[in-house]
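Okay, here's what each chain looks like letter by letter:
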Amino acid sequence: MTSSPRTAAGRFERLFSPIQVGPMLVQNRICETTNSIGAGRADGLPDDAFIDHHVGKARGGTAWLGGETWLLNSPMPQEAADEFFPGAASTRFPLYLHPDLPNRVRRFTEAAHEAGAVTVFQLTHLNFTMAASSIHVAGAYDWIPHRLDDEEIDFIINTYAEAAARFKEGGADGIEIHCAHETLPQTFLSPATNQRTDRWGGDAQRRTRFVIEVLERVRKRIGDGVALGIRMNGMESRPGGYNVLEMREMVSHIAESGLLDFLDLDVGHSWGVPSYVQPSYNDPAQFRDAARGARVDIAPIPVLFSGRVNDPVVAEDLLAGGFCDLVGMTRAGIADPEFANKARDGRMIEMRRCIGCNRCIGEAVHGRSPARKPACSVNPVAGNEALWATQFQPAAEKRRVVVVGGGAAGLEAARVSAMRGHHVVLLEQRPSLGGQVRIASKAPGRDSFEDFLYFQENQMAALGVEVRLGAPVTADDVLALSPDVVICATGSRPIRPNAPGIGSPHVVQGWDVLEGRAVASGRVAVISQEDHFETPNVADFLASRGCHVEVFHSWLGIGAEIDRYSIGMVMRRLEQGGVKVHTGQILAGIDGNSLSLLSAFTGERRTVDGFDSIVLVYGSAPDTTLHDELRGRVQALYLIGSAWVPRGIHEATEHGMKVALAV
Ligand SMILES: Cc1cc2nc3c(=O)[nH]c(=O)nc-3n(C[C@H](O)[C@H](O)[C@H](O)COP(=O)(O)O)c2cc1C
Ligand code: SF4
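Position numbers for residues start from 1 in each chain and track the written sequence from start to end. As they are written, the chains are lettered A onward and the ligands numbered 1 onward, keeping that order. With the structure being a predicted model, the display of local features is reserved for residues of pLDDT at least 70 and the display and counting of side-chain atom pairs for 80 or more, all residues being used for whole-chain, interface and lining totals.

Caption draft 1: Summary view of the overall build of the chain. Counting from the N terminus, the helices are DSSP H or I runs at least four residues long and the strands are E runs at least two residues long. A tally of helices and strands in the chain yields 22 helices and 30 strands. We take the radius of gyration over the C-alpha atoms and set the globule estimate at 2.2 Å times the residue count to the 0.38 power. In terms of C-alpha radius of gyration, the chain reaches 26 Å, essentially the compact-globule figure of 26 Å for 663 residues. The C-alpha extent of the chain, read off along each of the three principal axes, is 75 × 65 × 50 Å. Counting other C-beta atoms within 10 Å of a residue's own tells you its class, since 20 or more makes it buried, 12 or fewer makes it exposed, and anything in between is partly exposed; those C-beta atoms are placed from the backbone. Per-residue burial over the chain gives 54% buried out of 663 residues. Contact between two residues is assigned when their C-beta atoms, built from the backbone, lie within 7 Å. When contacts within the chain are restricted to residue pairs at least 6 apart in sequence, those whose partners lie at least 24 apart make up 73%.

Caption draft 2: Main features of the site of ligand 2. For each residue, a C-beta position is placed from the backbone atoms; the residue is near a molecule or strand when that point lies within 6 Å of it. In the vicinity of ligand 2, 13 residues are found, and the nearest of them are Arg331, Cys354, Cys357, Cys360 and Cys376. Mapped by element, the contributors of at least two residues to the shell around ligand 2 are α10 (330–335) and α12 (359–366). Ranked by the residues each element gives to the shell around ligand 2, the list is headed by α10, at three residues. Classifying every residue of the shell around ligand 2 by side-chain character gives eight nonpolar, three polar and two charged. Under the convention adopted here, Pro, Cys and the residues Ala, Val, Leu, Ile, Met, Phe, Trp and Tyr are nonpolar, Asp, Glu, Lys and Arg are charged, and Gly plus all remaining residues are polar.

Caption draft 3: Representation of the packing of helix α19 (residues 534–544) against helix α20 (residues 567–576) within the structure. Between α19 and α20, whose axes approach to 9 Å, the crossing angle comes to 30 degrees. Regarding α19 and α20, the two cross each other, and that crossing is left-handed. Contacts from Pro536, Ala539 and Asp540 of α19 reach α20 at Val570, Arg573 and Leu574. Partitioning the contact of α19 with α20 into residue classes produces four nonpolar, no polar and two charged. Every axis corresponds to a line fitted to the C-alpha atoms, with the helix fit spanning only the stretch in contact, and the corresponding angles, defined between N-to-C directions, vary from 0 to 180 degrees. Crossing handedness is defined as follows: a turn of the near helix away from the far one that is anticlockwise and smaller than a right angle gives a left-handed crossing, while the clockwise case is right-handed.

Caption draft 4: Just the site of ligand 1, in detail. Among the 25 residues in the neighbourhood of ligand 1, the closest are listed as Thr33, Ser36, Thr69, Thr330 and Arg331. Contributing elements (two or more residues each) for the shell around ligand 1: α10 and α12. A class-by-class count of the residues in the shell around ligand 1 yields nine nonpolar, 12 polar and four charged.

Caption draft 5: Quick peek at the sheet that holds strand β18 (residues 466–469). Here, any two strands with at least 2 DSSP bridges between them count as paired. Taken in spatial order, the five strands line up as β18-β17-β16-β19-β30 in an open sheet, and their pairing is parallel. Edge positions in the open sheet fall to β18 and β30 (636–639), since each of these has one partner strand only. Adjacent strand axes in the sheet meet at a mean angle of 15 degrees, parallel and antiparallel pairs treated alike. By the bridge criterion, four bridges tie strand β19 (residues 485–488) to β30 in an arrangement that is parallel. Looking at the pairing, Val486 lines up with Leu637 of β30.

Caption draft 6: How the structure looks around the domain arrangement of the chain. The split into domains, and so the bounds of each, comes from an automatic or database assignment of domains. With domains assigned, the chain is organised as domain 1 (29–366), domain 2 (392–493 + 622–662) and domain 3 (496–618). With seven residues of domain 2 at the interface, the matching set in domain 3 holds eight residues. Within the side of domain 2 that touches domain 3, the residues separate by chemical class into four nonpolar, one polar and two charged.

Caption draft 7: Representation of the environment of Ser257 in the model. Tracing the backbone shows Ser257 in the loop between α7 (244–256) and β13 (262–266). On the basis of neighbour counts, which here come to 15 C-beta atoms within 10 Å, the residue Ser257 falls in the partly exposed class. Residues Ser257 and Ile212, 45 residues apart in the sequence, show an inter-C-alpha distance of 7.4 Å. Leave out the neighbours within four places in its chain, and Ser257 touches Ile212 and Leu215.

Caption draft 8: Up close: the packing of helix α3 (residues 150–169) against helix α6 (residues 209–222). Between α3 and α6, whose axes approach to 8 Å, the crossing angle comes to 30 degrees. Crossing hand, α3 versus α6: right-handed. Here Ile157, Asn158, Tyr160, Ala161, Ala164, Ala165 and Lys168 of α3 lie close against α6, whose contacting residues are Glu213, Val214, Arg217, Val218, Lys220, Arg221 and Ile222. In terms of residue class, the contact of α3 with α6 is built from eight nonpolar, one polar and five charged.

Caption draft 9: Main features of the nonpolar core. We call a set of buried Ala, Val, Leu, Ile, Met, Phe, Trp, Tyr and Cys residues a nonpolar core when their C-beta atoms link them within 7 Å. Of all hydrophobic cores here, the largest spans 197 residues; its most connected members are Val327, Ile487 and Leu542. Sort the elements by how many residues they give to this core and helix α14 (residues 408–419) lands first, with seven residues. Excluding residues within four positions of it along the chain, Val327 makes contact with Arg29, Ile30, Cys31, Phe305, Val309, Ala315, Leu318 and Leu319.

Caption draft 10: Seen up close, the sheet that holds strand β22 (residues 523–528). Sheet architecture is open: five strands sit in the order β21-β28-β22-β23-β24, paired in parallel fashion. Pairing within the sheet leaves two strands with one partner each, and these edge strands are β21 (507–509) and β24 (580–582). Adjacent strand axes in the sheet meet at a mean angle of 25 degrees, parallel and antiparallel pairs treated alike. Sheet analysis places β22 next to strand β23 (residues 548–553), joined by six bridges and oriented parallel. What sits directly across from Val526, in β23, is Val551. Strands in contact with α19 are β22, β23 and β28 (613–617); relative to β23, the strand with the most contacts, it is inclined by about 165 degrees.

Caption draft 11: Structural detail: helix α16 (residues 449–462). For a helix, the expected span equals 1.5 Å multiplied by the number of residues minus one. The terminal C-alpha atoms of α16, which comprises 14 residues, lie 21 Å apart, in line with the 20 Å expected from a rise of 1.5 Å per residue. The complete set of buried residues in α16 reads Phe449, Glu450, Asp451, Phe452, Leu453, Phe455, Gln456, Gln459 and Met460. Packed against the buried residues of α16 are α14, β17 (423–428), α15 (435–440) and β18.

Caption draft 12: Representation of the environment of Ala662 within the structure. Summarising the element assignment, Ala662 is placed in helix α22 (residues 649–662). On the basis of neighbour count, Ala662 is assigned to the exposed category, with 12 C-beta atoms found within 10 Å. A sequence separation of 265 residues divides Ala662 from Glu397, and the C-alpha atoms of the two residues are 12 Å apart.

Caption draft 13: Quick look at unusual backbone geometry. With omega at -10 degrees, the peptide bond leading from Val273 into Pro274 counts as cis. Along the polypeptide, Pro274 turns up in the loop between β13 and α8 (288–294). In this structure, Asn358 takes a positive phi of about 65 degrees despite not being glycine. Of note, Asn358 is situated in the loop between α11 (339–344) and α12. On the neighbour-count criterion, Asn358 (25 C-beta atoms within 10 Å) is buried. Even without glycine at this site, Ser482 takes up a positive phi of about 50 degrees. Structurally, the position occupied by Ser482 is in the loop between α17 (475–479) and β19.

Caption draft 14: Main features of the pairing of strand β12 (residues 227–233). Taken across its seven residues, β12 has seven buried, putting it largely inside the fold. The alternating pattern of β12 places Ala227, Gly229, Arg231 and Asn233 and Leu228, Ile230 and Met232 on opposite faces, both of which are buried. Relative to β12, strand β11 (residues 174–179) runs parallel, the two being bridged by six bridges. Looking at β12, one finds that Cys179 is bridged to Met232. The sheet contact formed by β12 and β13 spans five bridges and is parallel. Within β13, the position partnered with Arg231 by the bridge is Asp264.

Caption draft 15: Structural context of α20. Along α20, the residues classified as buried are Ile567, Gly568, Met569, Val570, Arg573 and Leu574. Where the residues of α20 are buried, they touch α19.

Given below as structure tokens:
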């Protein structure tokens with residue numbers, strides 16, 4: 001859990017000092033770097049929902065808004081349809097050509113200014129369809145792009161300049177050329193993806209030519225009144241990629257051009273390890289040294305560094321240590337848009353820290369809902385700002401609300417009910433709050449999940465929620481409290497498959513292992529029909545305790561539902577722990593130390609011997625017992641969270657909030 005010694009107001013002196021970035025005065029060092037989280041933009045342009053989400057962070061004290069990225073157009077004929085490709089689009093009609101763009105940019109920027117922030121617009125060419133060379137551009141993925149010729153390169157450089165001019169027209173404070181995350185400019189900068197022998201390829205200096213020509217043309221169009229910068233990867237982690245020293249050399253060449261007002265630096269790829277949206281398994285600001293490496297003496301320019309900085313204490317230390325001049329705290333602001341004001345005002349105890357679960361980026365990149373909107377596990381208001389603004393009202397009638405179950409859903413239901421003025425009693429049968437979040441936090445690299453519980457526990461105390469722990473809750477217990485409203489957040493129970501031998505004492509549940517209520521040792525088989533983090537986290541936990549772990553998964557592979565920014569670290573940990581994974585394996589029976597398994601594809605049976613322990617990770621089924629007993633016996637009864645349907649923390653928290661807004 002993160003703890004801060006600096007709770008007194010005014011201790012974050014560097015963080016809250018202003019800085020001049022080219023022509024742009026930034027009120028403090030806290031930045032929202034660009035995050036295409038899908039806030040509003042129903043017609044593609046900044047709208048009320050976009051402003052509510054992003055400017056909400058400025059009202060909460062963030063001084064730099066990167067908003068969401070702007071995809072530029074590719075050199076396709078006018079009559080051609082847009083081309084969509086896994087993970088990226090090639091755009092024929094980019095939104096910067098929309099006649100209303102400058103007006104919308106102005107509305108957004110004016111709202112940001114009113115809240116004390118500047119706006120910086122990121123211009124992006126993705127690389128999946130076009131790049132410096134026709135070779136694999138995104139690490140382990142099989143995407144091969146078209147190699148651009150001189151005419152196409154010229155077209156593309158122009159699109160940056162045209163777009164920048166449109167954003168300037170709308171009053172933008174800054175423009176950022178996206179040269180990281182395997183975007184097209186990175187394919188020119190990287191020796192791994194730029195294999196050209198013409199003027200666009202060669203040594204480090206020659207590989208910067210594309211970026212410098214973009215900056216030159218953009219500067220010509222926007223003049224000196226708008227800040228201009230690039231976003232760049234501090235080091236590549238792929239065979240043949242550039243390291244920090246080569247990055248430094250390239251930054252020097254680019255900075256010497258005199259065209260740069262800032263360098264926005266992060267580390268990582270859009271796949272693999274590290275990813276640029278580092279999950280909880282990475283330490284806060286783990287790649288800070290790359291930022292220091294980017295601080296060139298030749299032409300000093302302000303450096304903005306991002307990478308799992310979820311706490312103002314870490315941010316202040318980065319500034320004090322000379323690693324950077326500005327700090328990206330993007331997910332910190334999604335998790336708690338007001339975190340900066342809380343830090344400034346000495347209200348650290350009220351801060352809701354980002355736990356590094358990566359649901360936000362997972363939803364943005366892989367989300368399946370047609371109504372894509374921001375999703376955060378700990379902040380259910382993210383993406384629901386309009387709903388919150390209209391529906392959060394002090395309760396007209398103060399009611400007695402009993403919440404049963406202190407997991408993610410129950411805690412949020414209790415919190416929001418209490419905020420609205422209801423008298424809330426929260427009953428939890430376990431000795432501590434947290435439910436499945438607490439269980440998940442026991443896995444290696446997941447202790448940050450406790451930060452959410454720390455926040456909620458503090459909220460319960462601050463809001464006067466009466467918390468009763470440590471005793472099973474019956475329907476009579478609930479009725480004895482004379483509730484006006486009962487919210488059942490009783491969670492779910494781990495599933496036990498129906499197979500011979502399943503009741504043997506050496507067969508245990510993954511949750512119990514994580515919680516220390518069951519022990520597995522020696523050679524352990526993890527039998528899984530679960531596609532999120534639970535299976536790898538249980539396997540990782542066991543391996544970290546010296547077990548020899550083999551996972552038998554029911555389908556194509558483990559972690560199929562894990563986002564591409566987290567999965568690399570998850571798999572790396574398993575590989576380092578010596579965990580073996582077998583796919584397409586269905587449990588048919590257990591006989592002592594032997595497992596009987598069926599192939600999910602052929603139905604063929606096989607036996608594997610020699611397991612000391614067998615650990616089940618089969619997901620969980622809703623526990624509706626209490627709800628069913630209370631049906632018809634209380635005035636208002638709700639079933640929420642995993643007790644309704646087991647899903648992620650985000651769904652549980654959001655469900656808790658929505659029900660509490662209605663009671
Ligand atoms: C939902 C989401 C969308 C993102 N989209 C972009 C993007 O469009 N362009 C970009 O440069 N970075 C993008 N990022 C990366 C962030 O700018 C930032 O570098 C990353 O979240 C790490 O910083 P943090 O630890 O402060 O969150 C995105 C991040 C998130 C969480
Ligand atoms: S979804 Fe998870 S990673 Fe994203 S901001 Fe919220 S807590 Fe942080």
